[in-house]
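Summary of structural features
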Amino acid sequence: MKILIIYKTRHNTTKNYAKWISEEIQSDIINVDKVKSNQIKDYDIIVFGSWIYDDKITIAPFIKDNWEILKNKKLLLFCNGLTNSEDPKMNKIFETKSQ
C-alpha cells in the first residue's frame, strides 16, 4: 500500500511530526501548499497533519476541496497545537477525561 503524508505547518512543528511518522512508516511526505490533486490518486492511504488555530483544523479546507478524490481512500489525521490550560473549553475536556 502506498502512503502519503500531507501536512500543513506554521512553525515547523507539524512538519517535524510528519517527518518522524514518515520515517517510521516509510511513506512519502509533502507540504499541502505543494500538493497537486492528481498526485493524490496514486496513494491508498493519506495521513493528514495539521496544526489547530482558533479551534479549527487548518488543513480542513484542503480536505473539503479534494473530497471527491479522497472519499474512497483510507484517511488519518493528526493535529497539534497549544492551548491555555485555563480555557473553560479545555477544563471541560479534562473533567470528562478524568471521570
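Basis of the calculations
Residues numbered from 1 in each chain as written. Predicted model: local features only at pLDDT ≥ 70, side-chain atom pairs only at ≥ 80, totals over all residues. Heavy atoms only, no water. Helix = DSSP H or I, 4+ residues; strand = E, 2+ residues; numbered from the N terminus. Buried < 20%, exposed > 50% of the residue type's maximum accessible area, 1.4 Å probe, protein only. Contact = heavy atoms within 4.5 Å. Areas by Shrake-Rupley, 256 points an atom, 1.4 Å probe, with all protein chains shown as cover. Core = buried A, V, L, I, M, F, W, Y, C linked by side-chain atoms within 4.5 Å. Pairing = 2+ DSSP bridges. Right-handed = clockwise from strand over helix to strand, strands pointing away.

Looking now at the overall build of the chain. When helices and strands are counted, the chain shows five helices and five strands. Listing the helices and strands of the chain from first to last along the sequence gives β-α-β-α-β-β-α-α-β-α. Put simply, the chain has 99 residues, and 32% of those count as buried. Contacts in the chain between residues far apart in sequence, at least 24 positions, make up 69% of those at least 6 positions apart. With the model as given, the accessible surface of the chain reaches about 7300 Å², and the carbon-plus-sulfur share is 51%.

This next bit is on the nonpolar core. Residues I6, I40, I46, F48, I59 and F62 are the most contacted members of the largest nonpolar core, which totals 13 residues. Where this core is concerned, the elements lending two or more residues are β1 (3–7), β3 (45–53) and α3 (60–65). Once you skip the residues sitting within four places of it in the chain, I59 turns out to touch I6, Y7, K8, V32, F48, G49, S50 and L77. Of all hydrophobic cores here, the second largest spans seven residues; its members include I3, Y7, I45 and V47.

Turning our eyes to something else, we now look at the pairing of β1. With respect to burial, β1 is a largely interior element, five of its five residues being buried. The two faces of β1 match: I3, I5 and Y7 on one face and L4 and I6 on the other face are all buried. Here five bridges tie β1 to β3, and the two strands are oriented parallel to one another. Directly across from Y7, in β3, lies its bridge partner G49. Bridge analysis of β1 against strand β2 (residues 28–31) gives four bridges, and the strand direction is parallel. Pairing of L4 across the sheet is with D28, part of β2. In the classification by handedness, the crossover that spans β1, the intervening helix α1 (residues 13–25) and the parallel β2 is right-handed.

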